Amino acid sequence: MEQRMDHADLIQRILSGESRAFGELVQRYQHLVYTVCMRVLRNAEDAEEASQDAFVKAFRNLSGFTGGSKFSTWLYTIAYRSAISRARQRRTNTDPLDELVHQPVAAAPSDGLHRTDVRHYLNQALEKLTPEESTILSLHYLDELSVEEIVTITGLSASNVKVRLFRSRKRLEAALNTELNGEARSLLLNDA
Amino acid sequence: MPELNDDELRKLFQKAGHEQAPDALHPAIMEQVMGTGTAPAVKPLIAPRQWLWVVLVLAAVTALVWILSTLVPHDAASGFTSPLHLDLSGILQALQYSKWAAMAMVLAFALTLVDRMLSGAHHRASH
């Protein structure tokens with residue numbers, strides 16, 4: 001509630017012409033927006049450009065934010081759509097041979113993993129899923145968004161989101177176990 | 001191996017955290033935002049798209065009035081009677097010749113001009 005008030009104040013300042021105040025919103029949300037774009041695009045350069053597009057669109061349409069939903073949900077929706085549109089553009093522009101080449105996965109260490117390792121293995125596993133599936137999983141488990149909020153962001157129906165969540169969870173787990181020789185739980189969740 | 005439950009998956013994602021946005025992202029966004037010259041604050045009350053609807057509705061009403069007025073027998077003593085048995089001749093005449101209708105349209109047009117001028121002035125002032 002306090003954060004919502006805080007947002008309302010920031011947005012009011014931006015709308016009254018203080019464009020620099022937008023920097024605070026960018027500071028708060030850049031990693032979150034970039035993560036959504038990375039999940040969809042799987043390419044740092046494209047994700048950076050899509051994030052930039054998303055923030056600029058958000059700035060231009062800020063007066064259209066009515067406060068009916070959380071600001072983060074509104075911003076995620078813009079980011080998701082920017083990334084999807086860039087992905088479509090990329091699909092028409094790139095040669096299929098230019099598709100991402102997966103890095104060979106390093107052998108899993110025998111004890112717990114550090115944060116960067118966890119991120120590495122998780123990303124590898126997420127890349128085995130479709131961009132939509134990995135985005136939905138990320139929004140649900142990392143950003144802790146509800147099914148209703150994911151419906152708003154992706155434009156899918158609630159039942160569709162639930163089915164995809166269920167399926168992608170299974171697929172993620174299978175991918176993690178393949179990467180980590182069936183020891184996903186002990187390695188990834190060990191607080192080393 | 002037992003599958004990961006909801007809490008474990010949450011813990012796993014949280015442990016991995018968000019992707020780190022490149023350092024260049026923030027300044028690049030701000031540069032674009034400061035350079036767009038777009039003040040998002042004030043927009044005209046009636047957007048160009050809404051104007052299209054206004055024109056369409058106005059055209060439809062005008063056409064309806066014209067069509068109905070051609071159906072009214074001018075020499076009929078009892079006036080035109082619609083299939084619903086309503087006497088429309090008085091309404092049609094009022095619509096065709098009302099000074100009030102004309103004045104309302106002129107006023108709406110003037111207010112729209114003021115609206116656009118004010119939003120333009122705000123736009124220029126904020127940059």
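Residues numbered from 1 in each chain as written. Chains lettered and ligands numbered in written order. Predicted model: local features only at pLDDT ≥ 70, side-chain atom pairs only at ≥ 80, totals over all residues. Heavy atoms only, no water.

### Points about the overall build of chain B
- In terms of helices and strands, chain B carries five helices and zero strands.
- Along chain B, helices and strands appear, N-terminal first, in the series α-α-α-α-α.
- Each of the 127 residues in chain B was classed as buried or not, and the buried ones make up 24%.
- Residue pairs at least 24 apart in sequence account for 67% of intrachain contacts in chain B once pairs closer than 6 positions are excluded.
- Counting every atom, chain B has about 9,100 Å² of accessible surface; 70% of that belongs to carbon and sulfur. (Helix = DSSP H or I, 4+ residues; strand = E, 2+ residues; numbered from the N terminus. Buried < 20%, exposed > 50% of the residue type's maximum accessible area, 1.4 Å probe, protein only. Contact = heavy atoms within 4.5 Å. Areas by Shrake-Rupley, 256 points an atom, 1.4 Å probe, with all protein chains shown as cover.)

### Some thoughts on the overall build of chain A
- Looking only at helices and strands, one finds nine helices and zero strands in chain A.
- Counting only residues that meet the buried cut, chain A has 48% of its 192 residues in that class.
- The contacts in chain A between residues at least 6 apart in sequence include a share of 66% that link residues at least 24 apart.
- Counting only carbon and sulfur atoms, one obtains 50% of the accessible surface of chain A, whose full area is about 9,700 Å².

### What to know about a nonpolar patch on the surface
Residue and element names in this part refer to chain B.
- On the surface, Leu52, Trp53 and Leu56 cluster together to form a nonpolar patch covering roughly 370 Å² of accessible area.
- As for its placement among the helices and strands, Leu56 is situated in helix α3 (residues 48-71).
- Leu56 gets classed as partly exposed once you look at its relative accessible area, which sits at 47%. (Patch = residues over 30% accessible without salt bridge, like charges linked within 9 Å, V, L, I, M, F, W, Y side chains within 5 Å. Salt bridge = Lys/Arg side-chain N within 4 Å of Asp/Glu carboxyl O.)

### A look at the confidence of the model for chain B
- In the predicted model, chain B carries a mean pLDDT of 74, and the fraction of residues at 70 or more is 63%.
- Of all the helices and strands in chain B, helix α4 (residues 89-97) of chain B carries the lowest mean pLDDT, 64, while helix α2 (residues 25-35) of chain B carries the highest, 91. (pLDDT = per-residue confidence, 0-100.)

### Brief notes about unusual backbone geometry
Residues and elements named next belong to chain A.
- Although it is not a glycine, Arg42 sits at a positive phi angle of roughly 55 degrees.
- Along the polypeptide, Arg42 turns up in the loop between α2 (22-41) and α3 (44-60).
- Overall, the relative accessible area of 16% leaves Arg42 in the buried class.

### Topic: the nonpolar core
- Judged by nonpolar contacts, the single largest core of 64 residues is most densely connected at Phe22(A), Phe71(A), Leu172(A) and Phe13(B).
- At twelve residues, α2(A) tops the list of elements feeding residues into this core.
- Here this core gathers at least three residues from each of two domains, domain 1 (2-97) and domain 2 (106-187) of chain A.
- The contacts of Phe71(A), once residues within four sequence positions are left out, are His7(A), Ile11(A), Leu25(A), Tyr29(A), Leu62(A) and Phe65(A). (Core = buried A, V, L, I, M, F, W, Y, C linked by side-chain atoms within 4.5 Å. Domains from an automatic or database assignment.)

### Things to note about the pattern of salt bridges
Residues and elements named next belong to chain A.
- Inspection of every chain in the model, using the stated rule, returns twelve salt bridges over all chains.
- In this structure, Glu132 engages Arg164 in a salt bridge whose closest nitrogen and oxygen atoms are separated by 2.0 Å. One end of the pair, Glu132, is in helix α6 (residues 131-142); the other, Arg164, is in helix α8 (residues 158-179), with 32 residues separating them in the sequence.
- Using a relative accessible area of 24% as the deciding quantity, one classes Glu132 as partly exposed.
- Linked by salt bridges that have partners in common, Arg13, Glu18 and Glu24 make up one network.

### Some thoughts on the packing of aromatic side chains
Residue and element names in this part refer to chain A.
- Summed over the entire model, instances satisfying the criterion amount to seven aromatic pairs over all chains.
- Note on Phe65 and Trp74: the rings are 5.3 Å apart at their centroids and 50 degrees apart in plane angle, and the pair reads as tilted.
- Phe65 gets classed as buried once you look at its relative accessible area, which sits at 15%.
- Assessed through its relative accessible area of 16%, Trp74 is described here as buried.
- Pairing Phe71 with Trp74 gives two aromatic rings, centres 5.6 Å apart and planes at 40 degrees, and the pair type is tilted. Remark: Trp74 and Phe71 occur in helix α4 (residues 71-93); sequence separation between them is three residues, near one turn of the helix. You'll find Phe71 and Trp74 in the same group, each marked buried.
- Among the aromatic side chains, those forming a connected cluster through ring pairs are Tyr29, Phe65, Phe71 and Trp74. (Phe/Tyr/Trp six-rings, centres within 6.5 Å; stacked < 30°, edge-to-face > 60°.)

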